[in-house]
Amino acid sequence: MSIHPNAVVSPKARIASDAVVGPFCVVGPEVEIGPGCSLLRHVTIAGRVRLGARNVLHPTCVIGGPPQDEQPSAPDARVEIGDDNVFREAVTVHQPKVPGNPTRIGSHNRFDQGSHVAHDSRVGSHVVLGKLALSGGHVVLDDHVTIGSYAALHQHVSVGRFTFLGRHSGISEDAPPFLRYVGLGTPPVGVRIEELARRGFPASTIRAIEQAFQVVWHEGLPRHEAVLQLEGSPVPEVREMARMLRRSLNGRNGRAGEGSRRG
């Protein structure tokens with residue numbers, strides 16, 4: 001391994017033999033850094049944090065800090081990160097508050113400058129958080145989600161796979177998969193047609209998703225009736241949308257994750 005002489009690294013930290021720890025980095029005793037990882041400089045990793053392989057952390061990232069909340073970290077707080085992620089300058093990832101519920105990040109994600117993954121959040125794989133994109137606690141981002149720069153996610157919000165949130169936008173309710181959101185607290189504006197086609201979704205599936213979008217947001221049906229229609233679809237992706245909408249209806253304030261919230 002390559003550890004710069006100006007880095008502060010606990011002798012108890014577990015660091016792969018080919019990992020690189022640059023100048024002025026700080027690595028705590030309960031940190032595990034996988035093969036091929038690079039901490040460029042001025043990176044801080046504290047608490048129980050496991051980095052998989054080939055992650056790149058740019059200057060002033062802080063991974064494993066305590067939650068920005070009145071409640072402290074859980075006694076068994078962990079941050080678990082997969083492989084091939086890029087954390088640009090000043091990204092923060094926080095420890096969880098809930099015991100047995102690590103803050104978890106998958107693989108092949110990109111976190112742009114100043115973006116934030118809050119306590120108890122779960123981020124899938126192939127996700128992009130734009131510059132200064134902020135997530136509240138307990139947020140769930142499924143695979144292939146894109147969050148634009150300066151966007152914000154309310155705590156306990158879940159975002160389905162392939163969904164896009166535009167820059168300077170914000171959502172306070174669960175966002176079903178395959179959709180586009182632009183604006184603050186507004187309904188989805190459409191389906192990610194070009195992205196789904198690029199990813200190999202059949203044209204018939206994309207048309208079915210578009211029809212489902214029309215049923216829920218443009219036909220004026222009560223939400224539970226619209227969801228019932230989607231649940232009977234023969235298209236798996238439409239039923240996937242229905243499952244998320246049903247969970248949101250059964251949650252609180254349009255957020256399925258609110259069901260676990262105390263108070």
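These lines cover the structure that appears in this document, whether it is placed above or below. (Residues numbered from 1 in each chain as written. Predicted model: local features only at pLDDT ≥ 70, side-chain atom pairs only at ≥ 80, totals over all residues. Heavy atoms only, no water.)

### Thoughts on unusual backbone geometry
Filter applied, for reference: Think of it this way: any DSSP run of H or I at least four residues long counts as a helix, any run of E at least two long counts as a strand, and we number them from the N terminus. Only protein chains enter the calculation, and the probe is 1.4 Å; a residue is then buried if its accessible area is under 20% of its type maximum, exposed if over 50%, and partly exposed in between.
In this structure, Arg-54 is a non-glycine residue whose phi angle is positive, near 60°. Summarising the element assignment, Arg-54 is placed in the loop between β9 (49-51) and β10 (56-57). Phi is positive for His-156, close to 70°, though the residue is something other than glycine. If you trace the backbone, His-156 turns up in the loop between β23 (152-153) and β24 (158-159). Here His-156 falls in the buried class, since its relative accessible area comes to 4%.

### Description of the packing of aromatic side chains
What counts is decided by this rule: The criterion for an aromatic pair is that two Phe, Tyr or Trp rings (for Trp, the six-membered ring) have centres within 6.5 Å, with stacked assigned to planes under 30 degrees apart, edge-to-face to planes over 60 apart and tilted to the rest.
Counting across every chain of the model gives five aromatic pairs. Ring geometry for Phe-87 versus Phe-111: centroids 4.9 Å apart, planes at 10°, classification stacked. Highlighted residues: Phe-87 in strand β13 (residues 86-87) and Phe-111 in strand β16 (residues 110-111), separated in sequence by 24 residues. Of the two residues, Phe-87 and Phe-111, both sit in the buried class. One aromatic cluster is present, built from ring pairs that chain together Phe-162, Phe-178 and Phe-201.

### Some details on the packing of helix α2 (residues 203-217) against helix α3 (residues 223-231)
In plain terms, the rule: All axes are obtained by fitting lines to C-alpha atoms, using only the stretch in contact for helices, and the reported angles, taken between N-to-C directions, cover 0 to 180 degrees. Angle categories are assigned with fixed cut-offs, so that under 35 degrees is roughly parallel, over 145 is roughly antiparallel, 65 to 115 is roughly perpendicular, and the rest are oblique. Helix crossings fall into two classes, left-handed where the near helix is turned counterclockwise from the far one by less than a right angle and right-handed where it is turned clockwise. The contact criterion used throughout is that any non-hydrogen atoms of two residues lie within 4.5 Å. Throughout this entry, Asp, Glu, Lys and Arg are counted as charged residues, while Ala, Val, Leu, Ile, Met, Phe, Trp, Tyr, Cys and Pro are counted as nonpolar. The remaining residues, Gly among them, count as polar.
Close contact between α2 and α3 brings their axes to 8 Å; oriented N to C, the two are set at 160°. For the element pair α2 / α3, the angle class is roughly antiparallel. Relative to α3, α2 is oriented so that their crossing is right-handed. Touching Ala-212, Val-215, Val-216 and Trp-217 of α2 are Arg-223, Ala-226, Gln-229 and Leu-230, all from α3. Grouping the constituent residues of the contact of α2 with α3 by class yields six nonpolar, one polar and one charged.

### A short note on the packing of α2 against helix α4 (residues 236-250)
Direction vectors running N to C along α2 and α4 enclose 30°, while the axes themselves pass 9 Å from each other. Taken together, the axis directions place α2 and α4 in an arrangement best described as roughly parallel. On α4, the residues touching Thr-205, Ala-208, Ile-209, Ala-212, Val-216 and Trp-217 of α2 are Glu-237, Val-238, Met-241 and Leu-245. Residue composition of the contact of α2 with α4, by class: eight nonpolar, one polar and one charged.

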